[in-house]
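# Observations on chain architecture
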Amino acid sequence: MDGIRIYRGINQIGGIVTEFRKGGHRILIDFGANLPGTENAELEDDAMVRQVFADKDPVTDAVLFTHYHGDHVGLRNRIPQGIEMYAGATALKIMKLIAEGVDHVKRKKGLTEEYDLPVLERIKPYWKIGEAKDFHGIKVTPLVCDHSALDAYMFIIELNGKRILYTGDFRAHGIPGEETFEKLIKTKVGKTDILITEGTMVSRLCEEASNGIRTEAELARKAAEIFEAHKENVVLVSSTNIDSVMSFYNSVPSDKAFLCDIYQAKVMRIAIEARHRYFPGSYSYRGNIYVLCPDENEYCMGELRKYVIPHTKRHPFKMARAGLYSEKGFVMLARVNRDPGSETGRFEKRLAQMTDPHIIYSMWTGYLKDGKAEDPAIVSFLDGRDDAGHMDVIHTSGHAYVEDLKKLMDMTEPEVIIPMHTESAGNFRELEQFRDHKDKIEVCRPGEVYGI
Ligand SMILES: [Zn+2]
């Protein structure tokens, strides 16, 4: 039957796979792994792969990835050879950068499992943003949206005369979001018949209510205050949550040094090059980016050493020398060591050498309970520094707030609303803010076809 089939991700956050089918053909959107710690998963990863590729009919014309988070792309290595895959051009660069690191560790450990980079070589960048491509009667138009991942996508899908908006993960309070969310929906989307929307924050209402930081601009203002007040600032932030990374970089006081490792510096370079034309206020090279090299060996910086900003002829990447930053004070972007024995443990070592480090925790607050860390990797990183005197929690969500979801519903005037990427699809009908749209909400069942 022609229609929409959400294999996984209706009653859970992550592990997303959605099918749009017409006749003997289909496209898939995302092929994600269950998030670590997912309880009562709708389907385990292996079972899902078997279910999606169970029969030879229909033909899979393409798999389209919304963005690079693991709960959307994590099972890409399980997609059979010969099936076309697409992702954003810049997202692909970031994925390849991550894969280089992952493959390097696999090689070092002598792991024989399939390397990641060759699979990424199979993925093509989107044909053209804002332009439809026809997959045997399923027309897909990719649109760039705001999320806590760089170069994330929504899709307009036209199928059997119906116009469908598939949001993927999105928000309206990041660096691009504030300027473009309403404009994007008004000018590029407009009236739709079916809205398939993520609803992460509908299952995180308490988190939304308790978080005093709502936008990236607020995050940047608060960060600047904290950085002024402390000499040794250590920021725990996801290296690919680019908007927040740029907010921290832009908030460093002029008398302090900005420090990060080589991998983070490469991510920043990709992000700035992709975005500085569109968001020069937030995405440009400001002060120097001091790169932490093992044993202060400048050779490790590789190409970054030679990189010159085209229009200013400046070298933005400099090697971080301990003498320089320990005297001036600094803001250091750090990551917890998820893999004991790997190189990432050096942040813990650096932390141990500091006099009075102040932690800025800017990851999902769900990893904390009553302000205290529970995750063993974070507990080990913080090493007892999770009290108010040593740590500030400032974080913006990667997902749309309830008010933005309502705005989206109002602007797209759908006849049917299908919630997904939420633990509370049923709550969509109960929420006061969605009252006007209550009767349109269709809670699907995983693996069932919603016929069109
Ligand atoms: Zn995401």
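Scoring rules and cut-offs
- Residues numbered from 1 in each chain as written.
- Predicted model: local features only at pLDDT ≥ 70, side-chain atom pairs only at ≥ 80, totals over all residues.
- Heavy atoms only, no water.
- Helix = DSSP H or I, 4+ residues; strand = E, 2+ residues; numbered from the N terminus.
- Buried < 20%, exposed > 50% of the residue type's maximum accessible area, 1.4 Å probe, protein only.
- Contact = heavy atoms within 4.5 Å.
- Areas by Shrake-Rupley, 256 points an atom, 1.4 Å probe, with all protein chains shown as cover.
- Lys, Arg positive; Asp, Glu negative; His and termini not counted.
- Charge placed at Lys NZ, Arg CZ, Asp CG, Glu CD.
- Expected span 1.5 Å × (residues − 1).
- Pairing = 2+ DSSP bridges.
- Axes fitted to C-alpha atoms, helices over the stretch in contact; angles between N-to-C directions.
- Domains from an automatic or database assignment.
- Buried area = accessible area lost by both parts, 1.4 Å probe.
- Salt bridge = Lys/Arg side-chain N within 4 Å of Asp/Glu carboxyl O.
- Polar contact = N/O pair within 3.5 Å; in protein donor to acceptor, adjacent residues only side chain to side chain.
- Donors = N, O, S within 2.8 Å, 3.2 Å for Na, K, Ca; no water.
- Tetrahedral: all angles 85-135°; square planar, octahedral: opposite > 155°, others 65-115°.
- Arc of directions from axis to C-beta.
- Parallel < 35°, antiparallel > 145°, perpendicular 65-115°, else oblique.
- Nonpolar A, V, L, I, M, F, W, Y, C, P; charged D, E, K, R; others polar.

## What about the overall build of the protein?
Each helix and strand in the protein was counted, giving 14 helices and 22 strands. The dimensions of the protein, computed from C-alpha atoms along their principal axes, are 65 × 50 × 45 Å. Sorting the 452 residues of the protein into buried and exposed places 54% on the buried side. Long-range pairs, those at least 24 residues apart, make up 72% of the contacts in the protein with a sequence separation of at least 6. Of the accessible surface of the protein, which amounts to about 19600 Å², a share of 49% is contributed by carbon and sulfur atoms. The distance from the centre of the 60 positive side-chain charges to the centre of the 69 negative ones in the protein is 5 Å.

## Observations concerning helix α9 (residues 262-275)
In this model, α9 (14 residues) spans 20 Å end to end at C-alpha, consistent with the 20 Å of a helix rising 1.5 Å per residue. Buried within α9 are the following residues: I262, Q264, A265, V267, M268, I270, A271, I272 and R275.

## Looking at the sheet that holds strand β17 (residues 358-362)
The seven strands lie next to each other as β15-β14-β13-β16-β12-β17-β20, forming an open sheet whose pairing is parallel. Looking at the sheet topology across the chains shown, the edges are occupied by β15 (317-319) and β20 (391-393). Neighbour-to-neighbour, the strand axes of the sheet open up by a mean angle of 30 degrees, direction not taken into account. Sheet topology places β17 next to β20; three bridges connect them, and they run parallel. The partner of I360 across the bridge, within β20, is D392. In the packing of helix α7 (residues 216-229) onto the sheet, the strands contacted are β12 (232-237), β16 (330-334), β17 and β20, and the crossing angle to β17 comes to about 170 degrees.

## Focus on the side chain of N241
Tracing the backbone through its elements, the reader meets N241 in the loop between β12 and α8 (242-250). Taking the relative accessible area as the measure of exposure, N241 reaches 7% and is therefore buried. With residues near it in sequence (within four places) discarded, N241 still touches S148 and H395.

## Describing the domain arrangement of the protein
One can read the domain layout of the protein as domain 1 (3-206 + 398-451) and domain 2 (213-393). Taking only C-alpha atoms, the centre of domain 1 and the centre of domain 2 are 29 Å apart. On the domain 2 side, the residues contacting the 25 residues of domain 1 number 24 residues. Buried surface at the junction of domain 1 and domain 2, both sides included, amounts to about 2000 Å², of which 60% is carbon and sulfur. Looking only at domain 1, the three residues that lose the most surface to domain 2 are L97, L150 and I175, adding up to 31% of its buried area. On the surface where domain 1 and domain 2 come into contact, there are three salt bridges. Across the domain 1-domain 2 interface, the total number found is six residue pairs in polar contact (both at pLDDT 80 or more). Counting only elements with at least two residues in the side of domain 1 that touches domain 2, the list comes to α3 (89-108) and α5 (177-189). Of all the elements, α3 adds the most residues to the side of domain 1 that touches domain 2, at seven residues.

## Comments concerning the coordination of the zinc ion
Within the protein, the zinc ion binds to H67 (NE2), H69 (ND1), H147 (NE2) and D169 (OD); these donor distances fall in the range 2.2 to 2.6 Å. Coordination at the zinc ion is irregular, judged from the four donor atoms that bind it and the angles of 91 to 168 degrees they form at the metal. Written as a sequence motif, the donor arrangement for the zinc ion is H-x1-H-x77-H-x21-D. Note that H69 is positioned in the loop between β4 (59-64) and α2 (70-73) and H147 in the loop between β8 (138-145) and β9 (152-159), a separation of 78 residues in sequence. By relative accessible area, which is 3% here, H147 ends up buried.

## Focus: α7
Helix length check: α7 (14 residues) gives 20 Å between terminal C-alpha atoms against 20 Å at 1.5 Å per residue, within 8%. Those residues of α7 not exposed but buried are E216, L219, A223, I226 and F227. Taken down its axis, α7 places every buried residue within 95 degrees of arc, on the same side. Along α7, exposed side chains directed more than 90 degrees from the buried face belong to R221, E225, E228 and A229.

## A look at the sheet that holds strand β1 (residues 3-8)
Spatial ordering of the open sheet is given by β6-β5-β4-β3-β2-β1-β22, a layout of seven strands whose pairing is mixed. The outermost strands of the open sheet, each flanked by one partner alone, are β6 (123-125) and β22 (449-451). Across this sheet, the average inter-strand angle for adjacent strands is 25 degrees, counted without regard to direction. For β1 and β22, the ladder comprises three bridges, and the chain directions are antiparallel. Bridging across to β22, G3 finds its partner in G451. Across the sheet, helix α1 (residues 45-52) lies against β1, β2 (17-22) and β3 (25-29), angled at about 155 degrees from β1, the strand it touches most. This element, α3, spans β5 (84-87) and β6 of the sheet and lies at about 140 degrees to β6.

## Focus: the packing of α3 against α9
Between α3 and α9, whose axes approach to 10 Å, the crossing angle comes to 170 degrees. When the axes of α3 and α9 are compared, the pair comes out roughly antiparallel. Taken together, the residues of α9 that come into contact with α3 (itself represented by T90, K93, I94, L97 and I98) are Y263, K266, V267, I270 and A274. Looking at the contact of α3 with α9, its residues break down into seven nonpolar, one polar and two charged.

## Describing the side chain of R8
Considering the arrangement of structural elements, one finds R8 in strand β1. For R8, a relative accessible area of 0% corresponds to the buried category. In terms of polar contacts, R8 uses its side chain to reach the backbone carbonyl oxygen of G15, at 2.7 Å.

## Some thoughts on the pattern of salt bridges
Enumeration according to the criterion identifies 25 salt bridges in this entry. One salt bridge in this structure joins E182 and K186, with 3.9 Å as the shortest N-O distance. Taken together, the positions of E182 and K186, both in helix α5 and four residues apart, correspond to about one turn of that helix. Owing to a relative accessible area of 59%, K186 belongs among the exposed residues under this scheme.

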